[in-house]
Every structure is written in C-alpha cells, then in structure tokens.
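Here is what each chain is made of, one letter per residue.
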Amino acid sequence: MNEVCQSCGLPHMNQFGTEANQRASNIYYHRCYQNGEFVDSAITFDEMKVRGLTIIDQLNTSTLKKRFMKFFYPGVLKRTKRWRQPEIS
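Scoring rules and cut-offs
Residues numbered from 1 in each chain as written. Predicted model: local features only at pLDDT ≥ 70, side-chain atom pairs only at ≥ 80, totals over all residues. Heavy atoms only, no water. Helix = DSSP H or I, 4+ residues; strand = E, 2+ residues; numbered from the N terminus. Buried < 20%, exposed > 50% of the residue type's maximum accessible area, 1.4 Å probe, protein only. Lys, Arg positive; Asp, Glu negative; His and termini not counted. Salt bridge = Lys/Arg side-chain N within 4 Å of Asp/Glu carboxyl O. Contact = heavy atoms within 4.5 Å. Polar contact = N/O pair within 3.5 Å; in protein donor to acceptor, adjacent residues only side chain to side chain.

K.L.:
Would you explain the side chain of lysine 66 in this entry?
P.N.:
Checked against the element boundaries, lysine 66 lands in helix H2 (residues 63-78). Comment: no salt bridge for buried lysine 66; closest opposite-charge side chain is aspartate 57, at 5.8 Å. Contacts of lysine 66, omitting those with residues within four sequence positions, involve Ile56, Asp57, Leu59 and Thr61.

What follows is the structure, given as structure tokens:
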C-alpha cells in the first residue's frame, strides 16, 4: 500500500477512492478517484500541483511542517503513478 495518493501525491489517511466495483482503491485518495475513474481526468500536472499546494496551506499543522511539505511536494507528485514519465531507453 502506498503512503501517498498515486494521483495527487498527498497522504490519503485511509480515505481511499473506489474502483468500478466499489472496492477501495489502495493507491488513490477519494478526492482523486471514484468508481474506477479519476474525478478530474482533464487536470494537468501544473493544475494538480497548485491544488496540492493549496491543500497543504490549509492543513492544521505548523508553518515549518507546511514549508517542508511544500518544498518536497512537486518531486513527490512527479513520482506518482499518474504523473511519472516513462523511462526513455
């Protein structure tokens, strides 16, 4: 099981999305994935990054932790299943 959603890169905190058969997805967060489909299938990487940074800003945590999360977030997002670039050989 992944610690972060493989679409938005944020921790899913046991709030999983659902597959088409209504079973919990073990890789996607409920805000990103429902009924076997991405909630916002047309979102771009940059739009997802802005969305994630906005969510981090709204977290009830210390300013230092938010800064840390925001610094590393773009790299985490790039490594998710949804946004990972295929390796070129």
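K.L.:
How do you make sense of unusual backbone geometry when you look at a structure like this?
P.N.:
Negative phi is the rule for most residues except glycine; trans is the rule for most peptide bonds. With a phi angle near 75°, glutamine 22 is a residue other than glycine that sits in the positive phi range. Here glutamine 22 lies in the loop between strand E1 (16-18) and strand E2 (24-29). At asparagine 35, a residue that is not glycine, the phi angle is positive and equals roughly 55°. Tracing the backbone shows asparagine 35 in the loop between strand E3 (33-34) and strand E4 (37-38). Under the relative-accessibility criterion, asparagine 35 is labelled partly exposed at 42%.

K.L.:
Whenever I open this one, the environment of arginine 79 confuses me. Can you help?
P.N.:
Take arginine 79: it is sitting in the segment after H2. As a C-alpha pair, arginine 79 and serine 7 span 72 residues in sequence and 9.6 Å in three-dimensional space. Filtering out sequence-adjacent residues up to four positions away, arginine 79 remains in contact with Gln6 and Arg84. In terms of polar contacts, arginine 79 uses its side chain to reach the backbone carbonyl oxygen of glycine 75, at 3.0 Å.

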